[in-house]
Amino acid sequence: MGYREYIEKGPMPTRDDMKSFLRQKMNFNRRYEEVDLYQAAERVAFEDIKAQTVLPKQPVSKMDGIGVKFADFANGMPDTSSWIEGKEFIFANTGCVVPFEYDTVILIEDVRFEDGKLKILQMPAKKGQLIDPVGSLIGEDEVLVYKNEKITPPLLGLLASGGVKKVKVVARPKIVFLPTGDELVSWQNTDYPADKNVESNSIMLYGFAQQYQADLKVYPIVPDDKQKIKEALTKASCEADVILINAGSSKGTKDFTLDLLEVEGEVLVYELGCRPGKHSSFSVFNNKPVLGIAGPPNGAELAMRFYLKSIVDEYYNQAEDTVIKISAIVDFDFTAPKNADFCLQVHLFKQDGKYHAQYINPKGVTRSTLLHKYNAFMYVTKGHSLIKGQEFTAELIVDEKEISLK
Ligand SMILES: Nc1nc2c(c(=O)[nH]1)N[C@H]1C(S)=C(S)[C@@H](COP(=O)(O)OP(=O)(O)OC[C@H]3O[C@@H](n4cnc5c(N)ncnc54)[C@H](O)[C@@H]3O)O[C@H]1N2
Ligand code: MOO
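Note that this is a predicted model, so its numbers are computed, not measured.

Trainee: Mind showing me how you'd approach the packing of helix α1 (residues 15–25) against helix α6 (residues 297–315) here?
Mentor: If you want to describe how two helices pack, look at the angle between their axes and the distance between the axes. Following both chains from N to C, one finds α1 and α6 inclined at 30°, their axes separated by 9 Å at the closest point. When the interaxial angle is binned, α1 and α6 end up roughly parallel. Crossing angle aside, the handedness with which α1 passes α6 is right-handed. In this structure, α1 contributes Arg15, Met18, Lys19, Leu22 and Arg23 to the contact, and α6 contributes Phe306, Tyr307, Ser310, Ile311, Asp313 and Glu314. Its residues placed into classes, the contact of α1 with α6 shows 5 nonpolar, 1 polar and 5 charged.

Trainee: Looking at this model, I keep getting lost on the site of ligand 2. Mind explaining?
Mentor: All residues adjacent to ligand 2 are Arg275, Pro276, Gly277, Lys278, His279, Ala294, Gly299 and Lys363. Gly277 is positioned such that a nitrogen or oxygen atom in its backbone is 2.7 Å from an oxygen atom of ligand 2. The separation between an oxygen atom of ligand 2 and a polar main-chain atom of His279 is 2.8 Å. For the shell around ligand 2, the per-class residue count stands at 2 nonpolar, 3 polar and 3 charged.

Trainee: Quick question: what am I supposed to make of helix α2 (residues 153–161) here?
Mentor: Note: α-helices contain 3.6 residues per turn, so residues at a spacing of three or four share the same orientation. The set of residues buried in α2 consists of Leu155, Leu156 and Leu159. Considered in projection along α2, the buried side chains sweep an arc of 105° and stay on one side of the axis. Away from its buried face, by an angle of more than 90 degrees, α2 presents the exposed residues Pro153 and Pro154. Of the surrounding secondary structure, the elements contacted by the buried residues of α2 are β2 (49–50), β10 (143–145) and β11 (166–170). Immediately downstream of α2, the backbone of Gly163 shows phi near 80°, a positive value.

Trainee: Would you take a moment to explain the packing of aromatic side chains for this structure?
Mentor: Throughout the structure, instances matching the rule amount to 15 aromatic pairs. Measuring from centroid to centroid gives 6.3 Å for Phe21 and Phe282, while their planes differ by 85°, and the two rings are edge-to-face. Highlighted residues: Phe21 in helix α1 and Phe282 in strand β19 (residues 281–285), separated in sequence by 261 residues. For Phe21, a relative accessible area of 21% gives the class partly exposed.

Trainee: Would you mind going over the sheet that holds strand β16 (residues 242–246) with me for this structure?
Mentor: Strand pairs in the sheet, formed through backbone hydrogen bonds, run parallel or antiparallel to each other. With mixed pairing, the 6 strands of this open sheet are ordered in space as β15-β12-β16-β20-β19-β17. Each edge of the open sheet carries a strand with a single partner, namely β15 (215–218) and β17 (266–269). This sheet shows a mean twist of 25° between the axes of neighbouring strands, independent of strand direction. Here β17 runs beside β19; their pairing, made up of 3 bridges, is antiparallel.

Trainee: Is there a simple way to explain the domain arrangement of the protein chain in this structure?
Mentor: By a widespread convention, an interface's size corresponds to the accessible area lost as its parts come together. Here the protein chain is partitioned into domain 1 (15–31 + 171–316), domain 2 (36–55 + 138–170), domain 3 (60–132) and domain 4 (325–402). If you average the C-alpha positions of domain 1 and of domain 2, the two centres end up 35 Å apart. Counting from both sides, the interface comprises 7 residues of domain 1 and, opposite them, 8 residues of domain 2. For the pair domain 1 and domain 2, the summed buried area comes to about 610 Å², and 51% of that belongs to carbon and sulfur atoms. If you sort the residues of domain 1 by the area they bury against domain 2, Arg30, Gln213 and Tyr316 come out on top, with a joint share of 69%. Scanning the region where domain 1 abuts domain 2 turns up 0 salt bridges. Joining domain 1 to domain 2, the criterion identifies 3 residue pairs in polar contact (both at pLDDT 80 or more). Its residues assigned to classes, the side of domain 1 that touches domain 2 shows 3 nonpolar, 1 polar and 3 charged.

Trainee: Is there a simple way to explain the UniProt feature "domain: MoaB/Mog" (unreviewed entry) in the protein chain in this structure?
Mentor: The UniProt record annotates "domain: MoaB/Mog" (unreviewed entry) at residues 176–314. What you have in residues 176–314 is 37% helix and 26% strand, and the ends, taken at the C-alpha atoms, are 17 Å apart.

Trainee: How should I be thinking about the sheet that holds strand β5 (residues 90–92) in this particular structure?
Mentor: Taking strand neighbours across the sheet as the criterion, the 3 strands line up as β5-β4-β6 in an open arrangement whose pairing is antiparallel. Because the sheet does not close on itself, it has two edges, and the strands there are β5 and β6 (104–107). Between one strand axis and the next, the sheet turns through 40° on average, direction left out of account. Relative to β5, strand β4 (residues 65–68) is paired through 3 bridges, and the arrangement is antiparallel. When the sheet's bridge partners are listed, Gly67 is paired in β5 with Ile90.

Trainee: Help me understand the site of ligand 1, please; the structure alone is not making it clear to me.
Mentor: Residues in close proximity to ligand 1 total 20 residues, the closest being Glu183, Asn197, Glu199, Ser249 and Lys251. Separating an oxygen atom of ligand 1 from a side-chain N or O atom of Glu183 is a distance of 2.6 Å. At 2.7 Å, a side-chain N or O of Asn197 approaches an oxygen atom of ligand 1. With the chains in place, 71% of the 870 Å² that ligand 1 exposes on its own is no longer accessible. Counting residues per element, the shell around ligand 1 draws most heavily on strand β14 (residues 197–199), at 3 residues. For the shell around ligand 1, the per-class residue count stands at 5 nonpolar, 9 polar and 6 charged.

Trainee: Please clarify how the pairing of strand β23 (residues 341–351) should be interpreted in this entry.
Mentor: Within a regular beta strand, the side chains point alternately toward one face of the sheet and then the other, so they alternate between its two faces. In terms of burial, β23 is largely enclosed, as 9 of its 11 residues are buried. As paired strands, β23 and strand β25 (residues 376–380) are joined by 5 bridges and run antiparallel to one another. Residue pairing across strands places Leu344 opposite Met378, the latter belonging to β25. Where β23 lies against strand β24 (residues 354–359), 6 bridges are found, and the strand directions are antiparallel. Looking at β24, one finds that Gln351 is bridged to Lys354. Counting the residues in the hairpin turn of β23 and β24 gives 2 residues, including Asp352, whose phi is positive at 50°.

Calculation criteria
- Residues numbered from 1 in each chain as written.
- Chains lettered and ligands numbered in written order.
- Predicted model: local features only at pLDDT ≥ 70, side-chain atom pairs only at ≥ 80, totals over all residues.
- Heavy atoms only, no water.
- Axes fitted to C-alpha atoms, helices over the stretch in contact; angles between N-to-C directions.
- Helix = DSSP H or I, 4+ residues; strand = E, 2+ residues; numbered from the N terminus.
- Parallel < 35°, antiparallel > 145°, perpendicular 65-115°, else oblique.
- Left-handed = near helix turned anticlockwise from the far one by under 90°.
- Contact = heavy atoms within 4.5 Å.
- Nonpolar A, V, L, I, M, F, W, Y, C, P; charged D, E, K, R; others polar.
- Near = heavy atom within 4 Å.
- Polar contact = N/O pair within 3.5 Å; in protein donor to acceptor, adjacent residues only side chain to side chain.
- Buried < 20%, exposed > 50% of the residue type's maximum accessible area, 1.4 Å probe, protein only.
- Arc of directions from axis to C-beta.
- Phe/Tyr/Trp six-rings, centres within 6.5 Å; stacked < 30°, edge-to-face > 60°.
- Pairing = 2+ DSSP bridges.
- Domains from an automatic or database assignment.
- Buried area = accessible area lost by both parts, 1.4 Å probe.
- Salt bridge = Lys/Arg side-chain N within 4 Å of Asp/Glu carboxyl O.
- UniProt positions renumbered as here; feature names shortened; annotations may be inferred.
- Areas by Shrake-Rupley, 256 points an atom, 1.4 Å probe, with all protein chains shown as cover.

See below:
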């Protein structure tokens, strides 16, 4: 008989508690790779990156004008009618070198040439005016990008100016995904029996891994067999920074994942106190973090959005992304269960200048309807009720500009 008595075990963290718990438990051995600047955009610096040169190497002009010698103005405005270009003055252009003997620049707007003779309208206020001295734009050994900083497009330009050609960036984390379940067939199969289910979470994960800058390896579907699951986990633990094990996490007759991890590793979180995605777990196997995610695609999606994202953010030493929160009028009644928070998937729309939210029950609509409708979450703590007409905070998963009229 496949009956398994359900026993509640361990802490059942809320969504935020799970996110911070995961961050605390990560102990990554981060690698680096050396890439050229074309490959460095949006990567995270592995170490401080210092300038290879000072800038400017010679003084340059801040503006278009003429370069002069400040000493010539010691007794007030000199008679410049006989001044010759290349002797008493030169033309200076923005960002271009001003030879050392010309120590000051006067704006071209403050200069006239009358019958070919130079006339200066405005005395230079001080020596060195409008000149960027040596090393004033990039100092000697100046840090251009700090360790753990994301390399943005402007920083790429700065690195190039500073003579940096290659940079050490944090190597992408390696995620190994273990789909489990006798009933599954790969989504790449074209012909399969009607009693099989399509393994689709791996390709969803592939999309998230791309967004999160992680490398993904998908293992062949593992049958519901403890020995086979153990073998797959052992192999994964040799090559992955993070292992994701999918399904087999609930109370079904073939849900072996946690039983096995309990014996062969250590299960720190068996399930969450938050739905959907309640059947997310966290274990350690051969010193590697194992995030267990629910089989049904909606629970799997939420686990990838929240918990995998936290793990990868921790790997890259990055803070959590800012979530845009807006207040919306709820157009439904809802009470969260007593034993778990509920992360409602809602459809936000605008009406009469206000935001409204409709609840989309993931178990009551097709997945396509859910994915095309839901554009925000409303996180309702256990036992808490939302009453139609009240305002409540929504966390957007799209740009605010994408929220349309009903
Ligand atoms: N008696 C109870 N039953 C269930 C509970 C519960 O609390 N009591 N929780 C439900 C919830 S919520 C979830 S979520 C699921 C968790 O299920 P598992 O993670 O154990 O997943 P399986 O039972 O193995 O499979 C469920 C479903 O998902 C499909 N699946 C699995 N892997 C994939 C994949 N890689 N790609 C696409 N689809 C996948 C699988 O074929 C099944 O259809 O338990 C509920 N039940
Ligand atoms: O864990 Mo299930 O994902 O609550 O839907």
